[in-house]
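The primary structure of each chain is shown beneath.
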Amino acid sequence: MSEAPIIEIRGLRKVYRVGKVDVEALRGVDLQVSRGEFLSIVGPSGSGKSTLFHIVGGLTPPTAGVVRVAGDDVGAMSDATRTRMRKQTVSFVFQKFNLLPNLTAGDNIELARYLGGKDHSQDAGFQEALDLLGIAHRMGHKPSELSGGEQQRVAIARAIVNHPAILLADEPTGNLDSANSGAVLEVLRDLNERLGQTILMITHNPDAAAYGHRTVHMQDGRILEPG
Amino acid sequence: MTFKLILENMRYRPLRSLLSALLIAIPVTLILTLVGMSQGMLAESARRTRGIGADIMVRPPNAAFMGFSGAPTPEKMVSALAQEPHIAVATGVIVQGLGGLENVQGVDLEQFDKMSGGFEYIQGGPFKGPDDILVEESYARQHKLRLGSPVQVLGHSWRVAGIFASGKLTRIVLPLDVVQKLTANIGHVSIIYLKVDNPANVGSDIDALSKKFEGFRFLSMTEYLSMVSADSVPFLHPFINVIVGIGVVIGFAVVCLSMYMAVLQRTREIGILKSLGASKSYVLGLIVAEALAMGLAGTVGGILLSFVGRWLIMTLVPASLTQAIVPEWWPRTAAIVLGASLLGALYPGLRAARQDPIEALAYE
Ligand SMILES: Nc1ncnc2c1ncn2[C@@H]1O[C@H](COP(=O)(O)OP(=O)(O)O)[C@@H](O)[C@H]1O
Ligand SMILES: [Mg+2]
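Since this is a predicted model, take the numbers as computed values, not measurements.

1. Comments concerning the domain arrangement of chain B
Where interface size is given, it is often the accessible area lost as the parts come together that is meant.
Residue and element names in this part refer to chain B.
Then comes step 1: One can read the domain layout of chain B as domain 1 (2–44 + 234–361) and domain 2 (61–215).
Then comes step 2: Computed over C-alpha atoms, the centres of domain 1 and domain 2 are 48 Å apart.
Then comes step 3: Counting residues at the interface gives nine residues for domain 1, matched by seven residues for domain 2.
Then comes step 4: For the pair domain 1 and domain 2, the two sides together bury roughly 630 Å², of which 52% comes from carbon and sulfur.
Then comes step 5: At the boundary of domain 1 and domain 2, one finds zero salt bridges.

Structure representation (structure tokens):
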């Protein structure tokens with residue numbers, strides 16, 4: 001049975017204006033991602049990988065092309081609609097973890113839940129995810145008291161607390177040693193396999209990319225081997 | 001959750017939050033102290049005037065009722081008025097300013113005691129010798145005076161003969177003739193007080209007196225006391241307005257700078273919030289709420305400081321200033337300061353709300 005792809009991108013272009021110079025970050029990207037897929041994206045620095053995520057995640061609008069995420073046309077969205085998409089449909093995991101430093105791990109997750117507008121009643125699926133992540137006992141600590149691996153697992157917990165359709169992980173192991181990288185990648189694979197979480201992951205590391213079902217290569221704002 | 005975030009943000013930079021609140025507290029204290037002092041001193045002056053026990057106050061032609069220095073009334077008027085029907089006691093008082101808020105009053109102690117029921121002496125008693133002076137208890141406390149202590153007033157050295165309880169006439173009292181001589185006002189008084197036989201008829205008594213002593217002005221004490229309000233003190237209102245204006249400017253500037261700094265420091269956090277789906281209005285709300293919390297802390301701090309100020313005045317200079325605590329001004333100053341904080345938060349808040357999340361996340 002063929003379901004409509006959860007991400008459908010055709011002819012996507014993104015131009016950043018820096019002073020008087022136009023920077024072409026994306027020069028015509030075509031990509032389809034199915035629901036439940038774990039896709040790896042690799043490519044040299046500056047090839048436009050993060051920009052692609054920022055557009056799919058509604059942080060910035062596309063310059064041209066069609067981008068449909070969970071059936072909605074991102075290019076036609078207002079700022080407010082893109083904000084709603086970030087609340088409900090997509091979520092990010094960053095290389096630098098990006099936890100709020102003043103809040104405990106637990107409060108970081110609670111805040112994301114609050115911003116997502118979900119009620120605060122116990123969420124059995126999420127409790128299971130916390131166990132899966134192995135950070136349930138670290139919830140009362142501030143990010144500065146956690147190891148990099150723990151911080152990234154808290155960031156993943158925060159990203160999935162509102163059950164987003166798509167998880168966008170931009171070099172999630174870029175700041176981690178190999179042991180912690182392994183743990184985070186295992187968690188992502190578990191989330192994908194057990195909960196059916198759709199995941200897009202940017203990485204430099206071929207071993208990390210191998211965790212995905214499929215890998216696409218980007219260079220100079222284009223995808224080399226269209227998937 | 002939002003509340004927790006604001007609280008943790010403020011706790012994360014305790015010095016910034018505390019300093020801002022303290023700076024905001026200063027104009028709050030200024031306003032409350034100024035208003036409190038003017039009201040306190042008016043209440044104090046009204047209490048002393050009431051303590052005289054008079055029903056009617058007499059001023060000569062062309063003299064104002066406020067500010068009694070000078071002695072324009074012939075003393076003969078006192079005995080003339082004492083002869084009038086329904087007048088139980090008449091007594092003349094001479095008021096001599098000593099610079100600032102202090103004055104010395106010369107009284108005819110016998111008549112004054114009849115009218116007021118007499119000073120309540122805590123130590124000593126009425127004048128005995130030619131150099132004797134009476135002082136109020138608060139004045140004695142401030143200047144560390146005891147019975148027999150020397151006091152310099154009107155270029156003359158006096159000896160404290162009596163220390164009386166506060167709340168009657170004034171703080172420093174000399175015999176009427178002595179002050180008349182020293183101020184070259186022999187035969188004159190500043191003001192005449194009358195006590196009537198039946199206070200219920202003060203109105204008709206005043207009518208009768210006004211008819212007979214044309215030009216002289218007779219005012220019932222009730223009416224006089226109702227005039228003793230903030231409105232009767234020249235420049236007080238404009239002065240308070242200036243202080244309020246300064247408060248608004250300080251509150252605005254402090255909050256604006258402090259929150260602007262906070263927004264710059266939290267560029268990355270704001271980017272994170274936006275990536276989590278926080279809307280522009282939510283981000284603006286965070287900044288405004290933090291500013292208002294600071295404004296509120298400043299208001300509470302300012303109110304507490306006004307108590308500290310009052311305690312200092314009562315301890316160090318009990319006889320010079322009286323500061324009332326003016327709770328009816330608390331909500332007003334709170335509104336002024338919170339309004340200023342809100343304005344001050346607007347620019348930093350809007351800047352934060354408009355911040356591009358991608359640039360914010362790239363920010364180191
Ligand atoms: N916010 C931005 N403003 C201007 N130029 C940008 C911005 N973000 C990315 N770029 C430029 O777009 C290109 C692609 O960047 P990016 O998507 O970050 O690549 P990657 O993630 O593959 O390293 C680079 O040349 C980069 O300098
Ligand atoms: Mg990148």
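2. Some words on the site of ligand 1
Residue and element names in this part refer to chain A.
Then comes step 1: Neighbouring ligand 1 are Tyr16, Val18, Val23, Ala25, Pro44, Ser45, Gly46, Ser47, Gly48, Lys49, Ser50 and Thr51.
Then comes step 2: In the model, an oxygen atom of ligand 1 is placed 3.1 Å from a nitrogen or oxygen of the Gly48 main chain.
Then comes step 3: Note that an oxygen atom of ligand 1 is positioned 2.8 Å from one of the side-chain N or O atoms of Ser50.
Then comes step 4: In isolation ligand 1 offers 560 Å² of accessible surface; the protein chains occlude 68% of this area.
Then comes step 5: Of all the elements in the fold, those that place two or more residues in the shell around ligand 1 are strand E1 (7–18), strand E2 (21–33) and helix H1 (49–56).
Then comes step 6: With three residues, H1 is the largest single contributor of residues to the shell around ligand 1.
Then comes step 7: Residues of the shell around ligand 1, tallied by class, amount to five nonpolar, six polar and one charged.

3. Observations regarding a nonpolar patch on the surface
All names here are of chain B.
Then comes step 1: A contiguous nonpolar patch, built from Leu15, Leu19, Leu22, Leu305, Val308, Trp311, Leu312 and Leu316 and spanning about 800 Å² of accessible area, is present on the exposed surface.
Then comes step 2: At the level of secondary structure, the elements contributing two or more residues to the nonpolar patch comprise helix H2 (14–51) and helix H11 (280–316).
Then comes step 3: With five residues, the single largest contributor to the nonpolar patch is H11.
Then comes step 4: One can find Leu316 in helix H11.

4. So, the pairing of strand E7 (residues 150–153) of chain B
Then comes step 1: Of the two faces of E7(B), only the one carrying Val151(B) and Val153(B) is buried; Pro150(B) and Gln152(B) on the other face are not.
Then comes step 2: Linking E7(B) back to strand E8 (residues 156–164) of chain B in an antiparallel pair, the connection comprises two residues, with Leu154(B) at a positive phi of about 55°.

5. What to know about the interface of chain A and chain B
Then comes step 1: Each side of the interface is counted separately: chain A has 25 residues, and chain B has 23 residues.
Then comes step 2: Across the chain A to chain B interface the summed buried area is about 2300 Å²; carbon plus sulfur atoms make up 64%.
Then comes step 3: For the pair chain A and chain B, the interface holds three salt bridges.
Then comes step 4: With its nearest N and O atoms 3.1 Å apart, the salt bridge here joins Lys4(B) to Asp107(A).
Then comes step 5: On the surface where chain A and chain B come into contact, there are five residue pairs in polar contact (both at pLDDT 80 or more).
Then comes step 6: Of all the secondary-structure elements, those providing two or more residues to the side of chain A that touches chain B are helix H2 (79–88) and helix H3 (105–116) of chain A.
Then comes step 7: Among the elements that make up the side of chain A that touches chain B, the one with the highest residue count is H3(A) (six residues).
Then comes step 8: Split by residue class, the side of chain A that touches chain B holds twelve nonpolar, five polar and eight charged.

6. Some words on the layout of surface pockets
Then comes step 1: Considered as a void within the structure, the second largest pocket measures approximately 450 Å³ in volume.
Then comes step 2: Taken together, 17 residues line the second largest pocket, and the ones lying closest to its centre are Ser50(A), His54(A), Asp170(A), Leu361(B) and Ala362(B).
Then comes step 3: Among the secondary structure elements, those contributing two or more residues to the lining of the second largest pocket are H1 of chain A together with helix H13 (357–362) of chain B.
Then comes step 4: The element best represented in the lining of the second largest pocket is H13(B), accounting for four residues.
Then comes step 5: Each residue belonging to the lining of the second largest pocket can be placed in one class, and the counts come to five nonpolar, five polar and seven charged.

Thresholds applied
Residues numbered from 1 in each chain as written. Chains lettered and ligands numbered in written order. Predicted model: local features only at pLDDT ≥ 70, side-chain atom pairs only at ≥ 80, totals over all residues. Heavy atoms only, no water. Domains from an automatic or database assignment. Contact = heavy atoms within 4.5 Å. Buried area = accessible area lost by both parts, 1.4 Å probe. Salt bridge = Lys/Arg side-chain N within 4 Å of Asp/Glu carboxyl O. Near = heavy atom within 4 Å. Polar contact = N/O pair within 3.5 Å; in protein donor to acceptor, adjacent residues only side chain to side chain. Areas by Shrake-Rupley, 256 points an atom, 1.4 Å probe, with all protein chains shown as cover. Helix = DSSP H or I, 4+ residues; strand = E, 2+ residues; numbered from the N terminus. Nonpolar A, V, L, I, M, F, W, Y, C, P; charged D, E, K, R; others polar. Patch = residues over 30% accessible without salt bridge, like charges linked within 9 Å, V, L, I, M, F, W, Y side chains within 5 Å. Buried < 20%, exposed > 50% of the residue type's maximum accessible area, 1.4 Å probe, protein only. Pairing = 2+ DSSP bridges. 1 Å grid on protein atoms, 1.4 Å probe; cavity = no way out; pocket = protein on both sides within 12 Å on 5 of 7 lines; lining within 4 Å. Points joined across faces, edges and corners; volume = space filled by probe spheres on them.

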